[in-house]
Amino acid sequence: MVEGEAFDAVIVAVAPYHLPHVLPESPLVSRLQSLHYWPIYTVYLQFGQPVSLPQAMTGLRGGTADWLFDRAALTGESGLVAAVLSAPSGLEGIDQQGLVRRVLVDVRRLVPQVAEPLSWRVVVEKRATFAAEVGRWCPPLRAAGPGCYLAGDWLMPDYPATLEGAVRSGVAAARALLADYQS
Ligand SMILES: Cc1cc2nc3c(=O)[nH]c(=O)nc-3n(C[C@H](O)[C@H](O)[C@H](O)COP(=O)(O)OP(=O)(O)OC[C@H]3O[C@@H](n4cnc5c(N)ncnc54)[C@H](O)[C@@H]3O)c2cc1C
């Protein structure tokens, strides 16, 4: 029932850690603890002068950051560089200042003459993605019972946590619902 209107079926497309709020009585909830998550870090460096990276989005290997974004090229924010670290390893014990130093090394691989940043900010999304581990629990989309269909990236075993997986899962849930209710 939503705002007084009854529906035959529902697609629940929330992240796994939101499921207990939406389906508190579901037996699925007890199994959610088996899922692990990976973080994504974004480090913003604001320089006092324009910094021109080779591309608006530059992939790196062998450093700390995975990607550097030239925010001047993307959004017109002069001197702003954003570094993204996806599920980084080897950062145990490092503080934010240390992380900034390491990302600065990455930037200087591309722009050697760049000065110290005027300011910086580190944003850590601790549960950015589910951990795509071997053998992880991946319930079927009808697992929540009749009339309730699950959708979301974490329900697609063929993909890591991606938009592609989320879209395919949503399409699969919609098809399952239609198949059940049109027959
Ligand atoms: C920083 C970051 C960078 C990423 N970069 C990439 C990338 O470059 N490429 C890529 O493919 N993927 C990327 N991903 C992963 C991608 O964002 C996810 O795989 C995708 O968003 C998952 O979609 P979803 O619909 O399963 O879940 P979500 O996008 O998490 O959507 C779930 C929605 O449910 C809503 N919700 C929660 N509770 C309720 C409630 N009670 N009622 C109503 N709504 C509710 C939430 O607000 C949310 O909008 C990135 C993720 C992060 C965090």
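For clarity, every value in this text was computed on a predicted model and none was experimentally measured. (Residues numbered from 1 in each chain as written. Predicted model: local features only at pLDDT ≥ 70, side-chain atom pairs only at ≥ 80, totals over all residues. Heavy atoms only, no water.)

Undergrad: How do you make sense of the nonpolar core when you look at a structure like this?
TA: The nonpolar side chains of soluble globular proteins are, as a tendency, buried together. In this structure, V43, L45, F47, L68, L85 and V107 are the most contacted members of the largest nonpolar core, which totals 21 residues. Every element with two or more residues in this core is listed here: β2 (37–46), β5 (80–86) and α4 (96–110). If you tally residues by element for this core, the top one is α4, at 5 residues. Residues within four places of F47 in sequence aside, it is in contact with G79, V81, L104, V107, V114, A115, E116, P117 and L118. In terms of nonpolar packing, the next biggest core, distinct from the first, is built from 12 residues, V12, L32, W137 and W154 among them. (Core = buried A, V, L, I, M, F, W, Y, C linked by side-chain atoms within 4.5 Å. Buried < 20%, exposed > 50% of the residue type's maximum accessible area, 1.4 Å probe, protein only. Helix = DSSP H or I, 4+ residues; strand = E, 2+ residues; numbered from the N terminus. Contact = heavy atoms within 4.5 Å.)

Undergrad: In this structure, what is going on with the site of the ligand? I would like to understand it.
TA: In the vicinity of the ligand there are 13 residues, among which H18, G152, D153, T162 and L163 approach most closely. Within the side chain of D153, a nitrogen or oxygen atom sits 2.6 Å from an oxygen atom of the ligand. Between L163 and the ligand, the recorded distance is 2.8 Å, taken from a backbone N or O atom to an oxygen atom. Summarising the interface, the protein chains cover 47% of the accessible area of the ligand, which totals 980 Å² for the free molecule. Those elements giving two or more residues to the shell around the ligand turn out to be β6 (119–130) and α5 (163–182). (Near = heavy atom within 4 Å. Polar contact = N/O pair within 3.5 Å; in protein donor to acceptor, adjacent residues only side chain to side chain. Areas by Shrake-Rupley, 256 points an atom, 1.4 Å probe, with all protein chains shown as cover.)

Undergrad: Mind showing me how you'd approach the environment of E125 here?
TA: Within the fold, E125 resides in strand β6. Beyond its immediate chain neighbours, meaning those up to four positions away, E125 contacts W38, P39 and I40.

Undergrad: Help me understand the side chain of T58 in this model?
TA: Take T58: it is sitting in strand β3 (residues 57–59). Assessed through its relative accessible area of 9%, T58 is described here as buried. Here the side chain of T58 touches Q55 through a polar contact of 3.2 Å, landing on its backbone oxygen. If we ignore the near neighbours within four places in the chain, the residues touching T58 are L53, D66, W67, L68 and L110.

Undergrad: Explain the pairing of β5 to me, please; I cannot follow it from the model alone.
TA: Strand residues, when the strand is regular, have side chains that alternate between the two faces of the sheet. Counting buried positions over the 7 residues of β5 gives 6, a clear majority of the element. In this sheet, β5 lies alongside β2 in antiparallel orientation, the contact comprising 7 bridges. In the strand pairing of β5, I40 is matched with S86. Here strand β4 (residues 67–70) pairs with β5 via 4 bridges, running antiparallel. Each residue of the ladder has a partner; that of L68, found in β5, is A83. (Pairing = 2+ DSSP bridges.)

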